[in-house]
Amino acid sequence: MQEAVRIYADTSATRARVAALLAARPPARPLTLIVDDRPGYALAQLIAVARSSAPTLVVTANRSPFYLHDLLGFGPQGLAVVGREPVDFADLAQRVARGETFYEGPPLPPDPLTERERTVLRLLATGHTNAAIARRLGLSGGRVSNLVMSVREKVGVENRVQLALAYFDLLSLWQEMLAGA
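Remember, predicted model here, so these are calculated numbers, not experimental data.

S.K.: Help me understand the pattern of salt bridges in this model?
M.R.: Within the structure shown, the criterion is met by ten salt bridges. Across the salt bridge formed by R122 and D70, the nearest N and O atoms sit 2.8 Å from each other. Here D70 lies in helix α3 (residues 65-73) and R122 lies in helix α5 (residues 115-125), a separation of 52 residues in the sequence. Residues R122 and D70 agree in their burial class; the two are buried.

S.K.: Got a minute to help me understand the packing of aromatic side chains in this structure?
M.R.: When we look at a pair of aromatic rings, we describe it by the centre distance and by the angle of the planes. One pass over the structure, following the stated rule, counts three aromatic pairs. Measuring from centroid to centroid gives 5.4 Å for Y67 and Y167, while their planes differ by 90 degrees, and the two rings are edge-to-face. Linking Y67 in helix α3 with Y167 in helix α8 (residues 160-167), this pair joins segments that are 100 residues apart in sequence. Look at Y167 and you get buried, because its relative accessible area is 0%. Through a chain of ring-to-ring contacts, the aromatic side chains of Y67, Y167 and F168 assemble into a single cluster. Over the face of the ring belonging to F102 we find R95, whose NZ or CZ atom lies 3.9 Å from the ring centre.

S.K.: Could you clarify how one ought to interpret the packing of α5 against α8 in this entry?
M.R.: Helix-helix packing is described using two parameters, namely the angle between the two axes and the distance between the axes. Contact geometry of α5 with α8 gives a least axis separation of 9 Å together with a crossing angle of 100 degrees. Compared by their axis directions, α5 and α8 come out roughly perpendicular. Contact with α5, carried on its side by L121, R122, L124 and A125, involves R160, L163, A164 and Y167 of α8 and no other residues of that element. For the contact of α5 with α8, the per-class residue count stands at six nonpolar, no polar and two charged.

S.K.: What's the story with the layout of surface pockets in this structure? I'm lost.
M.R.: Vacant regions in the atomic arrangement are exposed by a probe of water-molecule size rolled over the atoms. In this structure, the largest pocket encloses a volume near 250 Å³. If you go around the largest pocket, you meet 14 residues; those closest to its centre are I47, R122, L123, T126 and R136. Of all the elements in the fold, those that place two or more residues in the lining of the largest pocket are α2 (41-49), α5 and α6 (130-137). Looking at the lining of the largest pocket residue by residue, the classes come out as eight nonpolar, four polar and two charged. If you add up the space inside the second largest pocket, you get close to 220 Å³.

About the criteria used
Residues numbered from 1 in each chain as written. Predicted model: local features only at pLDDT ≥ 70, side-chain atom pairs only at ≥ 80, totals over all residues. Heavy atoms only, no water. Salt bridge = Lys/Arg side-chain N within 4 Å of Asp/Glu carboxyl O. Helix = DSSP H or I, 4+ residues; strand = E, 2+ residues; numbered from the N terminus. Buried < 20%, exposed > 50% of the residue type's maximum accessible area, 1.4 Å probe, protein only. Phe/Tyr/Trp six-rings, centres within 6.5 Å; stacked < 30°, edge-to-face > 60°. Lys NZ or Arg CZ within 6 Å of the ring centre and 35° of its normal. Axes fitted to C-alpha atoms, helices over the stretch in contact; angles between N-to-C directions. Parallel < 35°, antiparallel > 145°, perpendicular 65-115°, else oblique. Contact = heavy atoms within 4.5 Å. Nonpolar A, V, L, I, M, F, W, Y, C, P; charged D, E, K, R; others polar. 1 Å grid on protein atoms, 1.4 Å probe; cavity = no way out; pocket = protein on both sides within 12 Å on 5 of 7 lines; lining within 4 Å. Points joined across faces, edges and corners; volume = space filled by probe spheres on them.

Written out as structure tokens, the structure is:
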């Protein structure tokens, strides 16, 4: 395969598998392909490559509207939300290489969060404390606490752990585990 595709995946096995799938039909122009093979991986990589001149394709299984709104906010040319069915990486890559911009996933409701609330949720979900969020955003600790409370109310959860789980589409799994315990 030509070096037209830069593949980002958390594991070398995923990178190798995707490269093999693209080998038969490599895209006609360079692009970046990010495979979200662990919670939050695609978002971190998308932020890192946001200034890249190559078009970007993100493939994720995360169905959380909060996470998907964040991914879309960083402007990939293609975002595909996949389930258990096989993914035609070559087709998706060809579409992005042709200049097509698309979102293939569940219908997204309007984002109930303000931009500031979404930033706070993203930082909270990725492990930042209120104090770290306050420093990073230049806010007071009280303002961050108020924003976290507002986000909790809008998401409909009781605490920070549930917020992070909801962001990474893991809340229902966690609730099922608790119910079975």
